[in-house]
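# Working through the structure, step by step
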Amino acid sequence: MTLARRLRALAVRLGGLWRGGAGDGGLAEELESHLRMHADDYVRGGLSPREARRRALLKLGGVLQTTESYRRQRRPPMLDEFWQDLRYGARTLLKSPTFTLVAVLTLALGIGATTAIFSVVNAVLLRPLPYPDADKLLYVGQRYRSGLAGSGEPKFLFWREQSQSFEALACYSGFGGAGGNLAGGSEAEYARGMRVSEDFFRVLGVYPALGRAFTHEEDQPGGAGVVILSDGLWQRSFGGDRGLIGRSVTLNDRPVTVVGIMPPHFRFGSEVGLFVPMRARPGANVDPNATVVGRLKPGVSFDQAQSELKVIAEKYRAAFPRQMAEGETVDAQPYQELFTEGVAKYLWIVLGAVSFLLLIACANVANLQLTRAASRRREIAVRMALGAAGGRIARQLLTEGLVLALAGGAAGLLLALWGTRLLSAMMPRDVLPAVAEVSVDWRVLAFAFAASVLTGLLFGSAPALQARKVDVNSALKDGPGKGATARGRLRGALVVAEVALSLVLLVGAGLLIRTFANLLSVAPGFDPHNVLTFQIDLNGERYDTAGEASAFYRDALERISGLPGVEAAAVTNKLPLDWQFNMPVFLAARPDEAQSVQVRMISPDYFRVMKIDVRQGRPFTGADNSSAPPAVLVNEAFARRFFDGQDPFAQQLSVGRSTDDPARQVIGVVADVKQQGLDRPAPPMIFVPIAQVSNKLMATVRAFTSANFVVRTTGEPLALSRAVKREIATLDATLALSRVSSMEEIGARSVASQRFNMLLLGLFAALGLGLAAVGIYGVMSYAVAQGTREIGIRMALGAQRSRVLMLVAGQGMTLALIGLAVGIAASLALTRLMESLLFGVSTRDAATFAQYSVILAVVALAACLIPARRATKVDPLIALRAE
């Protein structure tokens, strides 16, 4: 052997040791190397490469045989059997393409739907917030008997000073002029903003990608005007100009310096475009419901932080006894729960519902497997007669089920990828704010794999268990058509389960359909058709006084009303069916008792635009200005609650504690209007003419809202939006329109969550109903095929076709009726979990239960009649001869 060949052989051996020593892979490579070396020698001797390799194989044949024997000895027998089962199972399934395709598609439907819903649960509930060490973030608030709520800025300052458990505490709020009209870019744009304390970005653990965060001095009263922009706003309005840092832009008529740009991946709240310093003051309380978030110090537990917060609450009570209500304390919860507590129960209900669909799919495939196993009964008996153990055959059938499940899981994952995109497009984002982040990550992949394996074991166990009970003698003697009684009972039980699960889904969907229909039948109290709406934020130096704001509203409404296609225009501080807030109102009869009601500041034509009826008295007119006697309108809910049958025109009231609002005379009562949703009663409300609003009252209300214009048109409302924008720009080019929409769209958004609930569960119910029908049809078709001889004998003995039809259909309907009974009981128990999702319908609504039980029974009857009619066409002579 030459030196080169020796070195080459040594390298191969060392490589084999590096890859695992005497492992199969290293040994195979070493032998292949020797084979090549011998072949090279023969080639140099004059043989062709093909003949040289043949000679080398002959020379090393004994060694190769020894190697294969060595491999077999080292490989665990169980692993050999498992791979053998996999190969045999795959070949067997490929020989039955129709069965395999139906089973894989059925499983793909169940696994895909379940995985898609789990991806939403994962994104909203399970995936950590997109901040470093998000589990260290706590939401800190005021604990009342009703739950945890936000806090005022003075309390936040006290907590921050006293706390030792937190690395930092931060406060943020969307009120108090946080956002507004931003100028300095390509054009004026309304940007939603957030007021944040200096440690806000430190607490979240995310800092600006360009520039810096706010300093301590900038977060003090009187600090420099600075702003941090989101990446989206920076790209959209300033073209991603990196030189913007340190430059001045205009925010609400005030110059501010851009000191930072957030990273592209940073998302906070719903479309927040900019951040400004909070500048909280001990005596000021711009937002009494501001949010406080803290990051725990390393080594500090959640329980330790909670204990400290309770001590801090008592210190605050001792220092400011009038600012702490009875029973109020300070508490914390994981920050992620702040965003999920309203939707967690709903998502788990939806995941449970789609799991029912997966169970129906499993039952269907199990029935298919049992039918197929019955046709292979003789094959199984022969294998057992030749010495195969029952457990070995059961394992083979279980492996086949696993192969089917993995194939269905792979197809289901593809469906889930498409389904997540569809769900993201369908879901209302104000209900599920994290829906934009729905995607397939490692958790979703692990869930899909686990669901596939579990379903494979679930439906594969049925034929596997039955295979262990095969009587070899009777199977070989009777053939495939006999001895199927036990299997028939199991298939019947699976059909019962399918029907029961389908009924639960149908009843749940039916209750949600009734809920949505009830919502649509509710009169909102106004006419939403042909009404254009948009917002304008008047936060700026030129609109600091109520008179300046009123003058702008008057001029804007005059210009808009003159546009072609406009019937009337008005302005209000808040729209119906939108986010609301209350203010204290004092009745002249009870001056020391504050009543929390909703306050609307409106222009005179508001009721005309919205077509809200004035039940008593008169609406506002242009004469109700600053020089006229102070006036107010109340709605019927207010009159019922506070006037108690008294003459409303003899009542007076004022708005706010410290707004210097004069006593206002009630001049009319208007119809109730839905404000917080069609499923909630109209709240007590008062209306104040916008021309009679004082500076203090305007400042108080503007801290919580923007001006909303409503324009009634003769045609498509959104077609006028460009013309309206031009008129506003003529008055003030720095003002930007936001939330341009129609009132019909706002009404649709108010029921978006109920519509989505109905569509989603309705889709699951329809799929479950279809799968149950297929399951019943499959069982009855198999029963007819197996009972062909019996049917032939009956018909030969004179049985009428109608009798045979009733006999066969009756067998299937018996199973369906048992399933209906089980399903009704299960529905009564499970639909109680949906109570919070319903409106105007009880979880035990008899009409819904009866209606969908009848629908399911009719579908089951149709699935039974098809094979039953086939049974009536059996020719007795052919049936007996075939036997």
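About the thresholds
Residues numbered from 1 in each chain as written. Predicted model: local features only at pLDDT ≥ 70, side-chain atom pairs only at ≥ 80, totals over all residues. Heavy atoms only, no water. Helix = DSSP H or I, 4+ residues; strand = E, 2+ residues; numbered from the N terminus. Buried < 20%, exposed > 50% of the residue type's maximum accessible area, 1.4 Å probe, protein only. Contact = heavy atoms within 4.5 Å. Areas by Shrake-Rupley, 256 points an atom, 1.4 Å probe, with all protein chains shown as cover. Phe/Tyr/Trp six-rings, centres within 6.5 Å; stacked < 30°, edge-to-face > 60°. Core = buried A, V, L, I, M, F, W, Y, C linked by side-chain atoms within 4.5 Å. Expected span 1.5 Å × (residues − 1). Bend = angle between axes of the 7 residues up to and from the residue. Axes fitted to C-alpha atoms, helices over the stretch in contact; angles between N-to-C directions. Parallel < 35°, antiparallel > 145°, perpendicular 65-115°, else oblique. Left-handed = near helix turned anticlockwise from the far one by under 90°. Nonpolar A, V, L, I, M, F, W, Y, C, P; charged D, E, K, R; others polar. Polar contact = N/O pair within 3.5 Å; in protein donor to acceptor, adjacent residues only side chain to side chain. Salt bridge = Lys/Arg side-chain N within 4 Å of Asp/Glu carboxyl O. Pairing = 2+ DSSP bridges. Patch = residues over 30% accessible without salt bridge, like charges linked within 9 Å, V, L, I, M, F, W, Y side chains within 5 Å. pLDDT = per-residue confidence, 0-100.

### Let's talk about the overall build of the protein chain
When helices and strands are counted, the protein chain shows 28 helices and 24 strands. Burial status across the protein chain gives 51% buried among its 883 residues. The long-range share in the protein chain, meaning contacts at least 24 apart out of those at least 6 apart in sequence, stands at 81%. Total accessible area computed for the protein chain in this model is approximately 40600 Å², and 58% of it derives from carbon and sulfur atoms.

### Here's the deal with the packing of aromatic side chains
How two aromatic rings sit relative to each other is given by the distance of their centres and the angle of their planes. Applying the stated criterion across every chain, the model contains 22 aromatic pairs. Centre to centre, the rings of F200 and F201 are 5.1 Å apart; their planes meet at 80 degrees, and the pair counts as edge-to-face. Assessed through its relative accessible area of 0%, F200 is described here as buried. F201 sits in the buried class, given a relative accessible area of 0%. Ring centres 6.2 Å apart and planes at 55 degrees place the aromatic pair F201 and F214 in the tilted group. Note that F201 is positioned in helix α8 (residues 200-204) and F214 in the loop between β7 (210-211) and β8 (226-229), a separation of 13 residues in sequence. Put simply, the rings of Y131, Y172, F200, F201, F214, F266, F268 and F275 touch in pairs and so form one group of aromatic residues.

### Digging into the nonpolar core
Soluble globular proteins tend to bury their nonpolar side chains together. Core analysis: the biggest nonpolar cluster contains 97 residues, and Y606, M610, F687 and F764 have the highest contact counts within it. In terms of residues, this core owes the most to one element, helix α17 (residues 485-520), which gives 14 residues. Beyond its immediate sequence surroundings of up to four residues, Y606 is in contact with A570, T572, P576, I612, F687 and V710.

### Brief notes about unusual backbone geometry
Leave glycine aside and you will find that most residues have negative phi; peptide bonds, for their part, are mostly trans. Unusually for a residue other than glycine, D253 sits at a positive phi of about 70 degrees. Residue position: D253 is located in the loop between β9 (248-251) and β10 (254-261). Here D644, not a glycine, exhibits a phi torsion of approximately 50 degrees, which is positive. Along the chain, D644 falls in the loop between α20 (636-642) and β20 (652-655).

### Thoughts on the environment of A816
Tracing the chain through its elements places A816 in helix α26 (residues 801-830). Classification of A816 by relative accessible area gives buried; the value is 1%. Note: C-alpha distance between A816 and V859 (43 residues apart in sequence) is 9.8 Å. Apart from residues no more than four positions distant in its own chain, A816 is found in contact with V499 and A860.

### Details of helix α27 (residues 846-872)
A rise of 1.5 Å per residue sets the reference length of α27, with its 27 residues, at 39 Å; its end C-alpha atoms lie 38 Å apart and thus fit the reference within 8%. Remark: the principal bend of α27, roughly 25 degrees, maps to L865, with a proline, P867, within the next four residues.

### Some points on the packing of helix α7 (residues 153-162) against helix α10 (residues 302-319)
The relative placement of two packed helices is expressed as an angle between their axes plus a distance between the axes. At their nearest, the axes of α7 and α10 sit 10 Å apart, and the two run at 120 degrees to each other. Here α7 lies oblique to α10, going by the angle between them. α7 and α10 meet at a crossing whose hand is right-handed. Together, P154, K155, F158, W159 and Q162 of α7 and E308, I312, K315 and Y316 of α10 make up the contact between the two elements. Classifying every residue of the contact of α7 with α10 gives five nonpolar, one polar and three charged.

### Overview of the side chain of Q142
By the element assignment, Q142 lies in strand β1 (residues 137-144). Of note is the side chain of Q142, whose polar atom sits 2.9 Å from the backbone oxygen of G150. When neighbours within four sequence positions are excluded, Q142 is seen to be in contact with G147, L148, A149, G150, S151, G152, K155, W159, E328 and T329.

### Some details on the pattern of salt bridges
Tallied over the full model, the rule gives 18 salt bridges. Between K611 and D527 there is a salt bridge whose closest N-O contact spans 3.7 Å. With a gap of 84 residues between them, K611 in the loop between α19 (606-610) and β18 (614-617) and D527 in the loop between α17 and β14 (531-536) connect regions that are remote in the sequence. Connected via shared salt-bridge partners are R143, K310 and D331.

### Focus: the packing of α26 against α27
The geometry of α26 relative to α27 is characterised by a closest axis approach of 8 Å and an angle of 155 degrees between their N-to-C directions. On the basis of their axis angle, the class for α26 and α27 is roughly antiparallel. Crossing handedness for the pair α26 and α27: right-handed. Seen from α26, the contacting residues are R801, V804, L805, V808, A809, G812, M813, A816, L820, I824, S827 and L828; seen from α27, they are F849, S853, L856, A857, A860, L861, C864, L865, A868, R869, A871 and T872.

### Looking at the side chain of D199
Secondary-structure assignment places D199 in the loop between β6 (193-196) and α8. Look past the residues within four positions of D199 in its chain and what remains in contact with it is A168, L169 and A170.

### Overview of the pairing of strand β12 (residues 291-296)
Two faces belong to every sheet, and in a regular strand the side chains alternate between them. Burial within β12 is extensive, with six of its six residues counted as buried. Both faces of β12 are covered, namely the face carrying T291, V293 and R295 and the face carrying V292, G294 and L296. With four bridges joining them, β1 and β12 adopt antiparallel strand pairing. Paired with L137 across the strands is R295, a residue of β12. Pairing of strand β3 (residues 166-173) with β12, which is carried by six bridges, proceeds in the antiparallel orientation.

### Considerations on a nonpolar patch on the surface
Taken together, L415, W418, L422, M426 and L759 make up a surface patch of nonpolar side chains, about 460 Å² in accessible area. It is helix α14 (residues 390-426) that provides the largest number of residues to the nonpolar patch, a total of four residues. With respect to the element layout, M426 can be found in helix α14.

### Examining the environment of G770
The residue G770 is located in helix α24 (residues 752-786) in this model. G770 gets classed as partly exposed once you look at its relative accessible area, which sits at 33%. The sequence separation of G770 and V859 amounts to 89 residues, and the corresponding C-alpha distance is 8.7 Å.

### Describing the pairing of strand β16 (residues 583-587)
Here β16 lies mainly inside the structure; four of its five residues are buried. Direction of pairing for β16 relative to strand β17 (residues 590-602): antiparallel, over a ladder of five bridges. Within β17, the position partnered with L587 by the bridge is R590. The antiparallel pairing of β16 with β17 creates a hairpin that spans two residues between the two strands. Here β16 pairs with β20 via three bridges, running antiparallel. Within β20, the position partnered with L587 by the bridge is L653.

### Topic: the environment of E541
Its location among the elements puts E541 in the loop between β14 and α18 (546-561). Once the C-alpha coordinates of E541 and R254 are considered, the two residues, 287 residues apart in sequence, prove to be 7.4 Å apart. If we skip the residues at most four places from it in the chain, E541 touches N252, D253, R254 and E548.

### Regarding the confidence of the model for the protein chain
Looking at the protein chain, the pLDDT average stands at 82 and 82% of residues meet or exceed 70. Confidence over residues 479-486 falls short of pLDDT 50; this stretch has 14 contacts with residues more than four positions distant or in other chains.

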